Amino acid sequence: MKRLTDIMATVTDLRCDRHFLTSLRRAGMDSVRINSAHVDGEGLRRIIRAVREHVPGTAILMDTKGPEIRTTQLSGTLESVTLAVGDEVRLAECAATDSSVIGIAVEGVCSALRKGHRVVLDDGAMELTVRHADGAVAEAVVTLGGELGSRKTVNLPDTDLPPIPAVSERDRCAIEVAVEERIDMIAHSFVRCAADVEAVRALTAGSDIRIFAKIECREAIRNFNGILEAADGILVARGDLGTQIDVATIPAVQHKACAMARAAGKPVIVSTQILTSMIDHPYPTRAEMTDVAFAVRDGVETLLLTGETAQGSFPAECVDAMRRCIEASQTYFTSL
Ligand SMILES: Nc1ncnc2c1ncn2[C@@H]1O[C@H](COP(=O)(O)OP(=O)(O)OP(=O)(O)O)[C@@H](O)[C@H]1O
Ligand SMILES: CC(=O)C(=O)O
């Protein structure tokens, strides 16, 4: 059966050997995503080379950082730090992260924080509330605890942020590699308006790279029409989106974005927490299968697995479950 919904899997430089990649391909993977927020230029090239060697013909998408905010690398050999409810931590710009300091990788962010502002970490897995803010350092208390790893996403729903350029220096280097390696697609993070898409397009001029705008902030929803017109496609990035808007409204936003993209003849990728229970378990939940089926019904071109294949324990099982559900759903919906 020719599937109308493709499967894209996030692949890291820590896990991109022949056995891993061929097991994903055998299970039904159609394309690969590389998250450039977690690798340098050399790491990017290593993953691209591995994909081309072990699963030739597989399309490659590179996800940029965009004007997003992340925590810094953990100090020394730390693998994670535990944040327990009630713990007091300091937030400091560009410092390494350890159990008492959380480094914020973008300058000017801490000085925009005010008492009472929420600091949401790792797509909503943890939350802090600012107690005291003073220049480049702020003090906060943990209100939702968890384990914090390196370079996790930071969302500041209450803070007026200083303007952050659409394309960071790090992105510029990653895009240079993407153009040199002639990959297929770039998904730009935290697109706020059409101009952010144009900024990436200017850097890929002369190449065939298709540019997808990631819809993951309130400005992107507000400026959706212009963004859709400027981009070659959109990626509904539900991880960050769910920290910026009420998660209860995500299905409606996703459905509307898909309908508008279809009407404009542009492809849609939907990502994040599609099979999140399978990070630790070999079987999907019924609700996860329903999410996949409704994406097929809505004409989503590509479903993107993130943590499930980047670091989960059952990556091939995830791709297999997704493929079986796509096929069964396509058979049903096309028979109606
Ligand atoms: N190249 C990589 N090297 C190391 N770890 C990685 C890499 N890519 C992803 N990961 C790990 O897998 C997790 C899930 O991947 P994912 O790409 O969804 O990242 P993310 O940090 O949540 O960012 P985003 O919001 O852009 O999706 C990451 O948080 C990270 O811990
Ligand atoms: C994929 C991604 O960036 C997100 O869901 O936030």
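Reading the values: the criteria
Residues numbered from 1 in each chain as written. Chains lettered and ligands numbered in written order. Predicted model: local features only at pLDDT ≥ 70, side-chain atom pairs only at ≥ 80, totals over all residues. Heavy atoms only, no water. UniProt positions renumbered as here; feature names shortened; annotations may be inferred. Axes fitted to C-alpha atoms, helices over the stretch in contact; angles between N-to-C directions. Helix = DSSP H or I, 4+ residues; strand = E, 2+ residues; numbered from the N terminus. Parallel < 35°, antiparallel > 145°, perpendicular 65-115°, else oblique. Left-handed = near helix turned anticlockwise from the far one by under 90°. Contact = heavy atoms within 4.5 Å. Nonpolar A, V, L, I, M, F, W, Y, C, P; charged D, E, K, R; others polar. Buried < 20%, exposed > 50% of the residue type's maximum accessible area, 1.4 Å probe, protein only.

An unreviewed UniProt entry annotates the protein chain as Pyruvate kinase of Paramuribaculum intestinale. Turning to the protein chain, the UniProt record has this under Catalytic activity (unreviewed entry): "pyruvate + ATP = phosphoenolpyruvate + ADP + H(+)". Heading Pathway (unreviewed entry) of the UniProt record for the protein chain holds this comment: "Carbohydrate degradation; glycolysis; pyruvate from D-glyceraldehyde 3-phosphate: step 5/5."

*Asks:* Account for the packing of helix 9 (residues 286-297) against helix 11 (residues 315-335), naming residues and giving values.
*Replies:* Where helix 9 meets helix 11, the closest approach of the two axes is 9 Å, and the angle between their N-to-C directions is 50 degrees. Between helix 9 and helix 11, the interaxial angle falls into the category oblique. You can see that helix 9 and helix 11 cross each other, and the crossing is right-handed. Contacts between helix 9 and helix 11 involve Met289, Val292, Ala293, Phe294, Val296 and Arg297 from the former and Ala321, Met322, Cys325, Ile326, Ser329, Gln330 and Phe333 from the latter. Tallied by class, residues from the contact of helix 9 with helix 11 come to 10 nonpolar, two polar and one charged.

*Asks:* Summarise unusual backbone geometry; cite the residues concerned and give the values.
*Replies:* Unusually for a residue other than glycine, Asp122 sits at a positive phi of about 50 degrees. Here Asp122 lies in the loop between strand 8 (118-121) and strand 9 (126-134). Classification of Asp122 by relative accessible area gives partly exposed; the value is 24%. Although it is not a glycine, Thr272 sits at a positive phi angle of roughly 85 degrees. A relative accessible area of 14% means that Thr272 is categorised as buried.

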